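What follows is each chain in one-letter form.
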Amino acid sequence: MIKQLVKAVLPQPVIVAAKEWHSRERRYWSWGHASRAAGADYAEHDLTAFRVARSRQIVGNEESYAKPPEELLPAMDIPTGSFVDFGGSAGEMCAVLQRRFPSWVFTVVETKAMADASRSLRPSISYSDQPPDAFDVFYSSGTLQYLADPERLWRDALGRTARYAYLARNCFSHRKTFSVQSSRLFDNGAGSIPEGFDNVEIRYPHRSISESSLKAIAERMGFDLVARFDGRNSGVPSKSTDAYGADLLFKRR
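First, a word on scope: everything that follows refers to the structure included in this document. Keep in mind that this is a model prediction, so the values were computed, not measured.

**Quick word on the overall build of the protein chain**
Moving on, step 1. Along its length, the protein chain carries 8 helices and 12 strands.
Moving on, step 2. For the protein chain, with 253 residues in total, the buried portion stands at 47%.
Moving on, step 3. The long-range share in the protein chain, meaning contacts at least 24 apart out of those at least 6 apart in sequence, stands at 74%.
Moving on, step 4. Carbon and sulfur atoms provide 52% of the accessible area of the protein chain, an area that totals close to 13,400 Å².

**As for the sheet that holds strand 3 (residues 105-109)**
Moving on, step 1. With respect to topology, 7 strands assemble into an open sheet ordered 4-3-2-5-6-12-10, the strand pairing being mixed. The strands lining the two open edges of the sheet, one partner per strand, are strand 4 (126-128) and strand 10 (223-230). On average, each strand axis in the sheet is inclined to that of its neighbour by 15 degrees, with strand direction left out of account.
Moving on, step 2. Bridge count for strand 10 against strand 12 (residues 246-252) is 7 bridges, and the pairing is antiparallel.

**So, the environment of Glu-195**
Moving on, step 1. Considering the arrangement of structural elements, one finds Glu-195 in the loop between strand 8 (178-184) and strand 9 (201-207).
Moving on, step 2. For the pair formed by Glu-195 and Phe-50, sequence separation is 145 residues and the distance between their alpha carbons is 9.4 Å.

**Brief notes about the pairing of strand 9**
Walk down a regular strand and you will see the side chains alternate between the two sheet faces.
Moving on, step 1. When you tally the buried positions in strand 9, you get 5 out of 7 residues, the bulk of the element.
Moving on, step 2. When strand 8 meets strand 9, the two strands line up antiparallel, connected through 7 bridges. Bridge assignment links Ser-182 to a residue of strand 9, and that residue is Arg-203.

**Quick look at the environment of Asp-46**
Moving on, step 1. Relative to the helices and strands, Asp-46 is located in helix 4 (residues 45-56).
Moving on, step 2. Once the C-alpha coordinates of Asp-46 and Val-200 are considered, the two residues, 154 residues apart in sequence, prove to be 10.0 Å apart.

**Here we look at the environment of Leu-167**
Moving on, step 1. Residue position: Leu-167 is located in strand 6 (residues 161-168).
Moving on, step 2. Leu-167 gets classed as buried once you look at its relative accessible area, which sits at 0%.
Moving on, step 3. Along the sequence, Leu-167 and Ser-140 sit 27 residues apart, while their C-alpha atoms lie 5.2 Å from each other.
Moving on, step 4. Dropping the residues within four chain positions of it, Leu-167 is found in contact with Phe-138, Ser-140, Leu-144, Trp-154, Leu-214, Ala-246, Asp-247 and Leu-248.

**Some details on the packing of aromatic side chains**
Moving on, step 1. According to the stated counting rule, one finds 13 aromatic pairs in the structure shown.
Moving on, step 2. Between Phe-50 and Phe-186 the ring centres are 5.5 Å apart and the planes differ by 15 degrees, which places this aromatic pair in the stacked class. Of this pair, Phe-50 sits in helix 4 while Phe-186 sits in the loop between strand 8 and strand 9, placing them 136 residues apart in sequence.
Moving on, step 3. Look at Phe-50 and you get buried, because its relative accessible area is 0%.
Moving on, step 4. The class of Phe-186 is partly exposed, set by a relative accessible area of 22%.
Moving on, step 5. Judged by centre distance (6.5 Å) and plane angle (20 degrees), the rings of Tyr-166 and Phe-229 are stacked. Of this pair, Tyr-166 sits in strand 6 while Phe-229 is found in strand 10, placing the two residues 63 residues apart along the sequence. The same class applies to Tyr-166 as to Phe-229, namely buried.
Moving on, step 6. The structure contains a cluster of three or more aromatic residues connected by ring pairs, namely Phe-83, Phe-106, Tyr-139, Tyr-166 and Phe-229.

Rules of the game
Residues numbered from 1 in each chain as written. Predicted model: local features only at pLDDT ≥ 70, side-chain atom pairs only at ≥ 80, totals over all residues. Heavy atoms only, no water. Helix = DSSP H or I, 4+ residues; strand = E, 2+ residues; numbered from the N terminus. Buried < 20%, exposed > 50% of the residue type's maximum accessible area, 1.4 Å probe, protein only. Contact = heavy atoms within 4.5 Å. Areas by Shrake-Rupley, 256 points an atom, 1.4 Å probe, with all protein chains shown as cover. Pairing = 2+ DSSP bridges. Axes fitted to C-alpha atoms, helices over the stretch in contact; angles between N-to-C directions. Phe/Tyr/Trp six-rings, centres within 6.5 Å; stacked < 30°, edge-to-face > 60°.

If you want it as structure tokens, here you go:
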């Protein structure tokens, strides 16, 4: 009754503005504040179990769901090498690349729970919660914005990278923002939905990244930006108004 009265009294533009304000992306002062607001760790047991169960159903058919960027392939133009996918889930994209580059070594870096649970799915791929000491190509897609300190990770990764580094599905912004992102469990992963799971809400901390800072770090670490692909904003939350996406490819000098 109250809602009907409000709609009858208020002009339509006011009602629309109120809805947009209510559904806005709430901002937090720091990563710590966003983490506490999100609640339970989004990488805990239930989510890990679902992602692994879903990925199990597409083993051998990963090409239908995982599409490596075409621009990444020339970076793998040597007979043998080592490739790291930071935040690579259960290794779906590494499986696709491994069939194309069978002499390469592939490592997925994930949470310990995810790494431990994924090993039996694709035993020809290595899984760890820490990157190897050295590798030829570093790749990360839609992951840095879910880290407390992405710039520290970026410096560390470049220090171990011998040839190329590719960052995909980024959430860039000219100002630092922290928020809580939410999704349904069934929105995670690829393939048909496995039985035995409820489509619960998953909440996790999210932050924007400074593109200029990542470029400056790469410059100091001996890398040149050789390609930038603008408008690839699949890493940008739908409610963000000041964020943008771009993929970046760096090469060591």
